[in-house]
Amino acid sequence: MTILWLVIPCYNEEEVIPETAKRASRVFRELSAKGKISPDSKIAFVNDGSRDKTLEIILDLCRQDDIFACINLSRNRGHQNALLAGLMTAKKYADAVISMDADLQDDVTAIERFVDEYLNGSDVVYGVRSDRKSDTFFKKTTAELFYKFMRFMGVDLVYNHADYRLMSRRAVEGLEEFDEVNTFLRGLVPQVGYPSATVEYSRDKRYAGKSKYPLKKMLSFAFEGITSFSVRPIKMAFALGIFSFLVSICMLCYCIAERLAGNAVSGWASLGVSIWAIGGLQMLLLGVVGEYVGKIYLETKHRPKYIIESVVVNGKKTTD
Ligand code: UDP
Ligand code: MG
């Protein structure tokens with residue numbers, strides 16, 4: 001029977017974990033009573049270096065009930081890396097893994113439909129939100145812009161899909177082969193391939209606590225997504241460079257013609273403007289190139305994406 005792991009990255013989520021644990025374990029018990037998942041299935045919380053009582057609460061849950069497991073990272077490495085740590089640990093035990101946020105924005109009752117799709121032969125099941133009623137106007141518009149912009153930049157994303165998804169073990173193994181430091185899972189998972197399906201669910205408000213994605217982090221996340229997956233900015237920079245070069249040749253011809261016609265050079269204004277224009281353009285292009293060089297720099301270091309301090313499964317600490 002299918003062993004299912006639910007992986008939940010948590011960063012300072014003490015207010016929501018007890019409720020998340022309650023709702024998720026209820027779903028798990030129902031599914032196992034129906035015979036859809038094995039009773040050995042686990043709900044694993046990944047503690048991403050939280051500064052509040054998150055870890056204690058998780059360990060407490062593990063002590064109370066073997067359905068819970070804990071993956072404790074050595075420090076805060078961010079949502080994507082925490083998720084990856086969870087997936088890679090889960091794949092050692094599970095046939096299928098579902099990743100979900102801790103804040104109960106993702107509807108736990110969709111888990112059953114995820115499993116149904118998996119049992120029907122899908123290796124990846126994407127949770128897609130059916131509406132954005134619960135989001136603020138700001139979040140809604142920025143998120144929509146994000147998807148449109150990513151599409152325009154040539155990044156293959158599943159529309160309105162966050163990180164609520166099921167992956168079979170072989171899909172996670174496929175993901176593991178993508179040996180890159182700049183992790184943007186939403187862009188990577190579609191690259192893994194295998195049969196996939198989508199399941200719609202309605203997304204709720206955050207149950208408690210604050211969003212860990214303020215605007216600044218959201219922008220850097222989007223930027224990360226683009227530069228990790230698309231070389232279009234470099235191509236655009238190249239096209240812009242050619243264009244400005246052509247313009248400058250035209251300018252040159254114009255100047256020579258004016259000179260030959262005996263017209264006085266009409267002053268420094270146009271000169272000043274073009275110096276600024278070209279200078280600015282060069283700076284911009286350098287910035288774009290620099291961004292990619294920076295990425296290469298990070299990739300060549302082969303730094304670990306995360307370090308797991310300890311794993312608790314079936315109430316026992318394991319080291320592997
Ligand atoms: N998270 C994490 N590490 C971080 C930031 C966030 O593990 O450094 C987790 C967080 O606990 C939550 C999930 O990532 O389970 C998504 O974060 P959040 O709900 O704050 O993002 P939003 O839904 O506002 O985009
Ligand atoms: Mg959230």
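All of the points below concern the structure found in this document. (Residues numbered from 1 in each chain as written. Chains lettered and ligands numbered in written order. Predicted model: local features only at pLDDT ≥ 70, side-chain atom pairs only at ≥ 80, totals over all residues. Heavy atoms only, no water.)

### Comments concerning helix 2 (residues 54–64)
Of the residues making up helix 2, those classed as buried are Thr54, Ile58, Leu61 and Cys62. Take helix 2 and look down its axis: the buried residues cluster within an arc of 100°, on one side only. Opposite the buried face of helix 2, at more than 90 degrees from it, the exposed residues are Arg63 and Gln64. (Buried < 20%, exposed > 50% of the residue type's maximum accessible area, 1.4 Å probe, protein only. Helix = DSSP H or I, 4+ residues; strand = E, 2+ residues; numbered from the N terminus. Arc of directions from axis to C-beta.)

### Focus: the sheet that holds strand 1 (residues 4–10)
The nine strands are arranged 7-5-6-4-1-2-3-8-9 in an open sheet whose pairing can be described as mixed. In this open sheet, the two edge strands, each paired with only one partner strand, are strand 7 (196–201) and strand 9 (316–318). Each neighbouring strand pair of the sheet contributes to a mean axis angle of 20°, computed without reference to strand direction. Sheet analysis places strand 4 (residues 96–99) next to strand 6 (residues 161–168), joined by four bridges and oriented antiparallel. Bridging from a neighbouring strand, alanine 96 pairs with serine 168 of strand 6. In the packing of helix 2 onto the sheet, contacts are made with strand 1, strand 2 (42–47), strand 3 (68–73) and strand 8 (308–313), and the angle to strand 3 comes to roughly 150°. (Pairing = 2+ DSSP bridges. Axes fitted to C-alpha atoms, helices over the stretch in contact; angles between N-to-C directions. Contact = heavy atoms within 4.5 Å.)

### Comments concerning the site of ligand 1
Around ligand 1, the surrounding shell holds 19 residues, and the nearest of these are Glu13, Asp48, Asp103, Ser211 and Lys212. The separation between an oxygen atom of ligand 1 and a polar side-chain atom of aspartate 103 is 2.5 Å. In the complex, 95% of the free accessible area of ligand 1, which totals 540 Å², lies under the protein chains. A breakdown of the residues in the shell around ligand 1 according to their chemical character gives five nonpolar, five polar and nine charged. (Near = heavy atom within 4 Å. Polar contact = N/O pair within 3.5 Å; in protein donor to acceptor, adjacent residues only side chain to side chain. Areas by Shrake-Rupley, 256 points an atom, 1.4 Å probe, with all protein chains shown as cover. Nonpolar A, V, L, I, M, F, W, Y, C, P; charged D, E, K, R; others polar.)

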